[in-house]
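Descriptive structure summary
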Amino acid sequence: MKNAKEFFERLKTDEAFAKEVGEALTAKREAGAKSYYETFIPAAEERGYALSKEELDEYIQSQEAELSEEELGKVAGGASCLTCL
């Protein structure tokens, strides 16, 4: 089985794979999955990737970016929504 790093890298670089995984995640949620563990881990395993809860948490945390000053101003009400477009 391939590892989590390979799974997430492929998600970033392979649009068809990302779409396929996205559809699988949606199907799992519609089937009653209640957490991202219940969606991501099985979807990865079905595609030959080993993915643990810890690796999934690490990935999600790594994707959380800090807001720029401009974005922070918009969130704080420093700009109208019309200028955000």
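All figures in this text were calculated on a predicted structure; none of them were measured in a lab.

What to know about the nonpolar core
Core analysis: the biggest nonpolar cluster contains 16 residues, and Phe7, Phe8, Leu11, Phe17, Val21, Phe40 and Leu51 have the highest contact counts within it. Counting residues per element, the ones that place at least two in this core are α1 (4-13), α2 (15-30), α3 (36-46) and α4 (53-63). With residues up to four places along the chain from it excluded, the contact list for Phe17 reads Phe7, Arg10, Leu11, Arg47 and Tyr49.

Points about the pattern of salt bridges
Counted under the stated rule, the structure contains four salt bridges. Between Glu20 and Arg47 there is a salt bridge whose closest N-O contact spans 2.8 Å. Placement of the pair is Glu20 in helix α2 and Arg47 in the loop between α3 and α4, with a sequence separation of 27 residues. The network of salt bridges with common partners includes Glu20, Lys28, Glu46 and Arg47.

Here we look at the side chain of Lys28
Along the chain, Lys28 falls in helix α2. Overall, Lys28 belongs to the buried group, its relative accessible area being 18%. Setting aside its immediate chain neighbours within four residues, Lys28 contacts Ala33, Glu38, Thr39, Pro42, Ala43 and Glu46.

What about the environment of Glu55?
Take Glu55: it is sitting in helix α4. Classification of Glu55 as partly exposed rests on a relative accessible area of 32%. For the pair formed by Glu55 and Ala4, sequence separation is 51 residues and the distance between their alpha carbons is 6.7 Å. Residues in contact with Glu55, not counting those within four places in the same chain, are Ala4, Phe8 and Ala50.

Here's the deal with the confidence of the model for the chain
Overall, the predicted model of the chain reaches an average pLDDT of 81, with 74% of residues at or above 70. Of all secondary-structure elements in the chain, the lowest mean pLDDT belongs to helix α6 (residues 81-84), at 48, while α2 reaches the highest, 93. Note that residues 76-85 has pLDDT below 50 and, in this model, four contacts with residues that lie over four places away or in other chains.

Scoring rules and cut-offs
- Residues numbered from 1 in each chain as written.
- Predicted model: local features only at pLDDT ≥ 70, side-chain atom pairs only at ≥ 80, totals over all residues.
- Heavy atoms only, no water.
- Core = buried A, V, L, I, M, F, W, Y, C linked by side-chain atoms within 4.5 Å.
- Buried < 20%, exposed > 50% of the residue type's maximum accessible area, 1.4 Å probe, protein only.
- Helix = DSSP H or I, 4+ residues; strand = E, 2+ residues; numbered from the N terminus.
- Contact = heavy atoms within 4.5 Å.
- Salt bridge = Lys/Arg side-chain N within 4 Å of Asp/Glu carboxyl O.
- pLDDT = per-residue confidence, 0-100.

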